[in-house]
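Here are the chains, one letter per residue:
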Amino acid sequence: MAFEYLTNVPLEEARESYLTALRQEGLIYRTETIPTSAALGRVTANAVYARISSPHYNACAMDGIALDAKLSFGASETTPARLKDSEFVWVNTGDPLPEGCDAVVMVEDVVQEQSGVTLYAAALPWQHVRQIGEDISAGDMIVPSFSVLSPAALGALLESGVLRVEVVTRPVAGIIPTGNELVAPTEEPQAGSIIESNSTVFAGMLETWGCVPKIYPGVRDDPGLIEEALRRALAECDLVVLNAGSSAGRKDFSTDAIRKVGEVVLHGVAIKPGKPAILAHARPAGKPVVPVLGLPGYPVSGILVMEELFRPVVESLTCRPSQKPEFIQAAISRRLTSSLKYLEFVRTRL
């Protein structure tokens, strides 16, 4: 009897069915609290509020003199204000505003005399003074929940007294390459050998999406070895990608191996390339549900399935905002044929 895929589901339906099945199994993100200084690029688990104001004291914003602004009122080119040494304080940028002072005059505008200083323009109350809470007030929301922390955001958090922040845990994504023909990257591969590059590609995609990729050693086309590798990855990871062996060849054992450790939701999606994708999950002892993806070995197929079907799963675990695809309308330069059975993805050059 000819091999038959379990399903041939349209892409949108497959994506939604898989996410629904995972959520019904309890798929949920986890959180951890880490030092703010180490949180670059992480996603906040909750809104974060300022613990202290920034600045937390009235600060001089210029080098110059601090004074009571009233002492300079009426100063002009023709009627300058002359201040004694006891009526002002020399300050540097960032110094606390001295007691009894409410303004700072830039050193460039101060004429030093033997017994004090002369001002040819009046100072305004609170000029060149950074008042308490000018940038951030205690209790202000610094960043909302599920926001990617930028360098500037980290600075704002530290300035507002937030030394530790609760973030969404980066899921560990295991990648298991399979195949007798796979060899490590080399400049002189032998005929029949296939350079194992898919794992590096998938690891890069997963890391870009907020995961911690973990590439396992390659596994030969042996059902028992593949099952063993799957069980190990399931115990150590939050997501597992099995590549390849998802198609209908005599050495394609992924479906059976996944069935032994978990449940296959869909095997076969109505897209081209990428039809042999396996969408599955498993629940190792004492762990939450672990999404499992079986990929075809053809690199373009694997990349397409990762992007279209696994990225939404990763986004559920990382809480990162979905990236909407960019659409560009263009005219093709040659005729393309289609079987009309699948949603077809064709590589192009713009």
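Scroll up for the structure.
This one's a predicted model, so the numbers in the text were calculated from it and none came from an experiment.

A. Focus on the sheet that holds strand 7 (residues 103–106). Taken together, the three strands give an open sheet; going across it, the order is 6-4-7, and neighbouring strands pair in antiparallel fashion. On the outer flanks of this sheet lie strand 6 (88–91) and strand 7, each paired with one strand and no other. On average, each strand axis in the sheet is tilted by 30 degrees relative to the strand beside it, whichever way the strands run. Direction of pairing for strand 4 (residues 64–67) relative to strand 7: antiparallel, over a ladder of four bridges.

B. Quick look at the nonpolar core. Within the largest apolar cluster, 33 residues are counted, with the highest numbers of intra-cluster contacts made by Leu 206, Leu 239, Met 306, Leu 309, Phe 310 and Val 313. Elements with a contribution of two residues or more to this core: helix 1 (11–24), strand 13 (172–177), helix 3 (198–208), strand 17 (239–243), strand 21 (290–295) and helix 6 (299–318). Looking at this core, the element that brings in the most residues is helix 6, giving eight residues. If sequence neighbours within four positions are ignored, Val 313 has contacts with Tyr 18, Leu 19, Leu 22, Leu 27, Leu 239 and Pro 291.

C. Layout of the packing of helix 4 (residues 223–236) against helix 5 (residues 254–261). With their axes 9 Å apart at the nearest point, helix 4 and helix 5 run at an angle of 50 degrees to one another. Viewed along their axes, helix 4 and helix 5 adopt a mutual orientation that is oblique. Between helix 4 and helix 5 lies a crossing of right-handed hand. Only Ala 257, Ile 258, Lys 260 and Val 261 of helix 5 make contact with helix 4, whose side of the interface consists of Ile 226, Glu 227, Leu 230, Arg 231 and Leu 234. The class makeup of the residues in the contact of helix 4 with helix 5 is six nonpolar, no polar and three charged.

D. Just the sheet that holds strand 5 (residues 81–84), in detail. Reading across the sheet, the three strands line up as 5-9-8 and stay open at both edges, with antiparallel pairing between neighbours. Two strands in the sheet have a free side with no partner beyond their single neighbour: strand 5 and strand 8 (111–113). Within this sheet the neighbouring strands show an average axis-to-axis angle of 30 degrees, counted without direction.

E. Local environment of the environment of Pro 10. Summarising the element assignment, Pro 10 is placed in the segment before helix 1. Judged by its relative accessible area of 44%, Pro 10 is partly exposed. Leave out the neighbours within four places in its chain, and Pro 10 touches Val 269 and Ala 270.

F. Geometry of the packing of helix 3 against helix 6. Between helix 3 and helix 6, whose axes approach to 11 Å, the crossing angle comes to 25 degrees. The angle between helix 3 and helix 6 places the two elements in the roughly parallel class. Judged by the sense of rotation from one axis to the other, the crossing of helix 3 with helix 6 is right-handed. When helix 3 is examined against helix 6, the residues Asn 198, Val 201, Phe 202, Met 205 and Leu 206 are found in contact with a partner set consisting of Pro 299, Gly 302, Ile 303, Met 306, Glu 307, Phe 310 and Val 314. In terms of residue class, the contact of helix 3 with helix 6 is made up of nine nonpolar, two polar and one charged.

G. Molecular detail of the environment of Gln 190. Relative to the helices and strands, Gln 190 is located in the loop between strand 14 (182–183) and strand 15 (194–195). In sequence terms Gln 190 and Glu 77 are 113 residues apart; their C-alpha atoms lie 89 Å from each other.

H. Just the pattern of salt bridges, in detail. Going through the model one piece at a time under the given rule, you end up with 14 salt bridges. A salt bridge links Glu 308 to Arg 15; its shortest N-O distance comes to 2.9 Å. Here Glu 308, found in helix 6, pairs with Arg 15, found in helix 1; they are 293 residues apart in sequence, far enough to count as distant. The partner of Arg 42 in a salt bridge is Glu 32, with the nearest N and O atoms 2.6 Å apart. Placement of the pair is Arg 42 in the loop between strand 1 (31–35) and strand 2 (48–49) and Glu 32 in strand 1, with a sequence separation of ten residues. Take Glu 32: its relative accessible area is 31%, and that puts it in the partly exposed class.

I. Inspection of helix 5 at higher detail. What helix 5 keeps buried is the set Ser 254, Thr 255, Ala 257, Ile 258 and Val 261. Projected down its long axis, helix 5 carries its buried residues within an arc of 165 degrees, all on one side. Taken together, the buried residues of helix 5 touch helix 4, strand 17, strand 18 (263–267), strand 20 (278–282) and strand 21.

J. Geometry of a nonpolar patch on the surface. Together, Ile 332, Leu 336 and Val 346 make up an exposed nonpolar region whose accessible area comes to about 270 Å². Within the fold, Ile 332 resides in the loop between helix 6 and strand 22 (343–344).

Basis of the calculations
- Residues numbered from 1 in each chain as written.
- Predicted model: local features only at pLDDT ≥ 70, side-chain atom pairs only at ≥ 80, totals over all residues.
- Heavy atoms only, no water.
- Pairing = 2+ DSSP bridges.
- Helix = DSSP H or I, 4+ residues; strand = E, 2+ residues; numbered from the N terminus.
- Axes fitted to C-alpha atoms, helices over the stretch in contact; angles between N-to-C directions.
- Core = buried A, V, L, I, M, F, W, Y, C linked by side-chain atoms within 4.5 Å.
- Buried < 20%, exposed > 50% of the residue type's maximum accessible area, 1.4 Å probe, protein only.
- Contact = heavy atoms within 4.5 Å.
- Parallel < 35°, antiparallel > 145°, perpendicular 65-115°, else oblique.
- Left-handed = near helix turned anticlockwise from the far one by under 90°.
- Nonpolar A, V, L, I, M, F, W, Y, C, P; charged D, E, K, R; others polar.
- Salt bridge = Lys/Arg side-chain N within 4 Å of Asp/Glu carboxyl O.
- Arc of directions from axis to C-beta.
- Patch = residues over 30% accessible without salt bridge, like charges linked within 9 Å, V, L, I, M, F, W, Y side chains within 5 Å.
- Areas by Shrake-Rupley, 256 points an atom, 1.4 Å probe, with all protein chains shown as cover.

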